[in-house]
Amino acid sequence: MAAQLELGLDTFGDVTVDLNGKLQSQAQVLRDLVDEGVLADQVGLDFIGVGEHHRDDFAVSAPEVVLAAIAARTTRIHLGSAVTVLSSDDPIRVFQRFSTIDAISNGRAEVILGRGSFTESFPLFGFALNDYERLFTEKLDLFAELLKQEPVNWKGSVRPELKNQSVYPPIENGSLKTWIGVGGSPESVVRAVQYGLPLMLAIIGGEPKRFRQFVDLYHRATEQLKQPVLPIGVHSPGHIADTDEEARAQLWPGYKAIHDRIGGERGWGPTSMSRFTAEADMGSLYVGSPETVAKKIVSTVKALGVQRFDMKYSSGTLPHAHMMRSIELYGTKVMPMVRDMLASDRAAA
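Residues numbered from 1 in each chain as written. Predicted model: local features only at pLDDT ≥ 70, side-chain atom pairs only at ≥ 80, totals over all residues. Heavy atoms only, no water.

## Topic: the pattern of salt bridges
We count it as follows: Note on definitions: salt bridges are taken to be side-chain nitrogens of Lys or Arg within 4 Å of carboxyl oxygens of Asp or Glu. Each helix is a run of DSSP H or I of at least 4 residues and each strand a run of E of at least 2, with the numbering of both proceeding from the N terminus. A simple rule labels every residue: compare its accessible area, found with a 1.4 Å probe on the protein chains alone, to the largest value its type can have, and call it buried under 20%, exposed over 50%, or partly exposed in between.
Going through the model one piece at a time under the given rule, you end up with 28 salt bridges. A salt bridge links arginine 191 to glutamate 133, with the shortest nitrogen-to-oxygen separation between them at 3.0 Å. Here the residue arginine 191 occupies a position in helix 6 (residues 186–194), and glutamate 133 occupies one in helix 5 (residues 132–147), the gap between them amounting to 58 residues. We classify glutamate 133 as partly exposed; its relative accessible area is 40%. Between lysine 256 and aspartate 260 there is a salt bridge; the shortest N-O distance is 2.7 Å. Within this pair, lysine 256 and its partner aspartate 260 are both found in helix 8 (residues 244–266), separated by 4 residues, close to a single helical turn.

## Thoughts on helix 8
What counts, and what does not: Expected helix span is taken as 1.5 Å per residue step, with the number of steps being one fewer than the number of residues. For a residue, the bend is simply the angle between two axes, fitted respectively to the seven-residue segment ending there and the seven-residue segment starting there.
End to end, helix 8 covers 31 Å across 23 residues, agreeing with the expected 33 Å (1.5 Å per residue, within 8%). Of all the bends found along helix 8, the most pronounced is centred on tryptophan 252 and spans about 35 degrees, while proline 253, a proline, follows it within four residues. Taken together, the buried positions of helix 8 are Ala247, Gln250, Leu251, Trp252, Gly254, Tyr255, Ile258, Ile262 and Gly263. Just past helix 8, the residue glycine 267 takes up positive phi, approximately 85 degrees.

## Structural notes on the packing of helix 2 (residues 63–72) against helix 3 (residues 91–104)
Rules: Simply put, an axis is a line fit to the C-alpha atoms, just over the touching stretch for a helix, and the angle between two N-to-C directions goes from 0 to 180 degrees. Orientation categories follow fixed angle ranges, with anything under 35 degrees roughly parallel, anything over 145 roughly antiparallel, 65 to 115 roughly perpendicular, and all other angles oblique. What makes two residues a contact is simply this: any of their non-hydrogen atoms within 4.5 Å. Gly is put with the polar residues, along with every residue not named as nonpolar or charged; the nonpolar set is Ala, Val, Leu, Ile, Met, Phe, Trp, Tyr, Cys and Pro, and the charged set is Asp, Glu, Lys and Arg.
Where helix 2 meets helix 3, the axes come as close as 9 Å, and the angle between the chain directions of the two elements is 5 degrees. The angle between the axes of helix 2 and helix 3 places the two elements in the roughly parallel class. Between helix 2 and helix 3, the residues in contact are Glu64, Leu67, Ala68 and Ala71 and Arg97, Phe98, Ile101 and Ile104, respectively. Looking at side-chain class alone, the contact of helix 2 with helix 3 contains 6 nonpolar, no polar and 2 charged residues.

## Description of the environment of methionine 273
Among the structural elements, methionine 273 can be located in helix 9 (residues 273–281). Methionine 273 gets classed as partly exposed once you look at its relative accessible area, which sits at 41%. Between the C-alpha atoms of methionine 273 and phenylalanine 309, which are 36 residues apart in sequence, the distance is 26 Å.

## Thoughts on empty space enclosed by the protein
The rolling of a water-molecule-sized probe over the atoms marks out the regions of remaining empty space. Definition in use: Cavity and pocket criteria rest on a 1 Å grid covering protein atoms alone: a 1.4 Å probe that fits but cannot get out defines a cavity, protein on both sides within 12 Å along at least 5 of 7 lines defines an open pocket, and an atom within 4 Å of a point defines a lining residue. Grid points are joined across faces, edges and corners, and a volume is the space filled by probe spheres set on the points.
Tallying each qualifying case throughout the model produces 1 cavity of 30 Å³ or more. Here the largest cavity defines a volume of roughly 40 Å³. If you go around the largest cavity, the residues you meet are Thr11, Gly13, Asp14, Thr16, Val29, Leu33, Glu36, Ser314 and Met323. Looking at which element gives the most residues to the lining of the largest cavity, the answer is helix 1 (residues 26–42), with 3 residues. Class assignment of the residues belonging to the lining of the largest cavity gives a composition of 3 nonpolar, 4 polar and 2 charged.

## Section: the nonpolar core
Heads up, the rule is: To qualify as a nonpolar core, a set must consist of buried Ala, Val, Leu, Ile, Met, Phe, Trp, Tyr and Cys residues joined through side-chain atoms within 4.5 Å.
With 86 residues, the main nonpolar core has Leu45, Phe143, Ile297 and Tyr330 as its most contacted residues. Looking at this core element by element, the count peaks at 8 residues for helix 11 (residues 320–348). In contact with leucine 45, not counting residues within four places along its chain, are Leu7, Leu9, Ala40, Arg76, Ile77, Ile327, Tyr330, Gly331 and Met335.

## Notes on the packing of helix 3 against helix 5
For any two helices packed against each other, one specifies the crossing angle of their axes together with the interaxial distance. Rule in force here: Left-handed describes a crossing whose near helix is turned anticlockwise from the far helix through less than a right angle; right-handed describes the clockwise counterpart.
At a closest axis distance of 9 Å, the pairing of helix 3 and helix 5 adopts a crossing angle of 40 degrees. Between helix 3 and helix 5, the interaxial angle falls into the category oblique. The way helix 3 lies across helix 5 gives a crossing that is right-handed. Facing Pro91, Ile92, Val94 and Phe95 of helix 3, the residues of helix 5 in contact are Lys139, Leu142, Phe143, Leu146 and Leu147. When grouped by side-chain class, the residues that make up the contact of helix 3 with helix 5 number 8 nonpolar, no polar and 1 charged.

What follows is the structure, given as structure tokens:
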């Protein structure tokens, strides 16, 4: 499994400050994000995922437009969402937007479908939170039909019935790689297997190995439902600098700002340096020098047996310049270290 490990990046387009502490416009953040995607391609990373939000501390509300801009300036990196909030979107339009990116990029598009951890899109697009479960369940069912790339016949309660309806543009070669993003729900893990889709685990706090139960559940369900064995990935936050001390010092202000803002909205207390340190030392925060981060990624890959690791490299107001250096080190230092360590482990075994 480890021989097939892919290393990627995720971002929500967090609104940043510059090196002098000046808050950047959302427009500038979007331009910077495209440059980050181009650098990720240049240093050899496998994937960049762009998340969707509809609030003032994140700049990306239309990930597919950003991904198309990155696609036009890159040649090899795969491009996807992180995640697409399918519940408040139209499955047909989602498929069409990603099939268009797939065409522009010569087959490099992926989509990660999920419920999302924010709910701003529901009132914005006229959906009721009371329909949260039904919207996702039915829309995922329709999207699974679209992936077959045949005339669609579908009936549900969230939109009008479809009868022998074709959807364009089709995927030129193969199919659209589609993941299910899961934050810790066993039902969502089994649902991914039922539809024959790979699993992306969002591990944003605590020890990564506690998610082994979901990996094992996915494998059991795959065997019981006689589905093909598909990849499992992990999404976790992180930041890389030349030294551990520098990485933590750079990350902490933005990390605290975003945690305290979201925590205040959700009734949590403010985070502390001790919690930050605990996440960096033992939890799901991959922050430090290239060697430190590489070792931690290898530990997670071995504990969970996953085939992809995506690092969420943006964090609150963390400046663009620091993120560019983090991406550079991730591709040029961390990626070869991780693959060498895993190869050494296989050879020893």
